[in-house]
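Observations on the model geometry
The primary structure of each chain is shown beneath.
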Amino acid sequence: QVQLVESGGGLVQPGGSLRLSCAASGRRCSIYTMGWYRQAPGKQRELVALISSGDSTTYADSVKGRFTISRNHAKNTVYLQMNSLNPEDTAVYYCKADRWAYPPYWGQGTQVTVSS
């Protein structure tokens, strides 16, 4: 089993930055595609960014140029650097581990609030 724990969320002013971390335990996640998703109140969960086992990346149009997903294979940790945050980025951010043909693993989420 894989356990995912997100951290780094909090309250930030518009235009500010946060760095989220997703630490994996139980299994090494280097073979997984890792993703960050977010869910705002009353809205569906949406994809933010993906990083493959080969470290290729994909971003939602809404965060391109502002967010960067990365991973440290040695630390079994995935990061999401978020810059130029705006109130529309307010959501609970979830880490996800995907392996083809297997059910995904989800973290419990970390709250990001962007407000003045």
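For the structure, see preceding data.
Before going into details, it helps to say that this report is about the structure given with it.

Conventions used here
Residues numbered from 1 in each chain as written. Predicted model: local features only at pLDDT ≥ 70, side-chain atom pairs only at ≥ 80, totals over all residues. Heavy atoms only, no water. Salt bridge = Lys/Arg side-chain N within 4 Å of Asp/Glu carboxyl O. Buried < 20%, exposed > 50% of the residue type's maximum accessible area, 1.4 Å probe, protein only. Pairing = 2+ DSSP bridges. Helix = DSSP H or I, 4+ residues; strand = E, 2+ residues; numbered from the N terminus. Axes fitted to C-alpha atoms, helices over the stretch in contact; angles between N-to-C directions. Phe/Tyr/Trp six-rings, centres within 6.5 Å; stacked < 30°, edge-to-face > 60°. Lys NZ or Arg CZ within 6 Å of the ring centre and 35° of its normal.

1. Re the pattern of salt bridges
Counting across every chain of the model gives 5 salt bridges. A salt bridge links Arg-38 to Glu-46; its shortest N-O distance comes to 2.8 Å. Of the charged contacts, one joins Lys-96 and Asp-98 as a salt bridge, the two residues approaching to 3.2 Å between their closest N and O atoms. Since its relative accessible area comes to 13%, Lys-96 is described here as buried. One connected set of salt bridges, linked through shared partners, spans Arg-38, Glu-46, Arg-66 and Asp-89.

2. A word on the pairing of strand β5 (residues 46–51)
Here 5 bridges tie strand β4 (residues 33–39) to β5, and the two strands are oriented antiparallel to one another. Along β5, the bridge assignment pairs Tyr-37 with Leu-47. Bridging between β5 and strand β6 (residues 57–59) involves 3 bridges; their strand directions are antiparallel. Its bridge partner lying in β6, Leu-50 is registered against Thr-58.

3. Focus on the sheet that holds strand β1 (residues 3–7)
Within a sheet, adjacent strands bond to each other through the backbone by hydrogen bonds, running parallel or antiparallel. Spatially, the 4 strands line up as an open sheet ordered β1-β3-β8-β7, and their pairing is antiparallel. The strands lining the two open edges of the sheet, one partner per strand, are β1 and β7 (67–72). This sheet shows a mean twist of 15° between the axes of neighbouring strands, independent of strand direction. Bridge count for β1 against strand β3 (residues 18–25) is 5 bridges, and the pairing is antiparallel. Looking at the pairing, Ser-7 lines up with Ser-21 of β3.

4. A look at the packing of aromatic side chains
Overall, the coordinates contain 3 aromatic pairs when judged by the stated rule. Aromatic pair Tyr-32 and Tyr-105: ring centres 6.2 Å apart, planes at 75°, arrangement edge-to-face. Here Tyr-32, found in the loop between β3 and β4, pairs with Tyr-105, found in strand β10 (residues 105–106); they are 73 residues apart in sequence, far enough to count as distant. For the pair Tyr-37 and Trp-106, a centre-to-centre distance of 5.1 Å together with 65° between the ring planes defines the contact as edge-to-face. Remark: Trp-106 occurs in strand β10 and Tyr-37 occurs in strand β4; sequence separation between them is 69 residues. The residue whose ring lies beneath Arg-19 is Tyr-79, and the NZ or CZ to ring-centre distance is 4.0 Å. For the cation-ring pair, Arg-45 lies above Trp-106, with the distance from its terminal atom to the ring centre recorded as 4.6 Å.

Interpretation note: all reported values are geometric properties and have no functional meaning in isolation.
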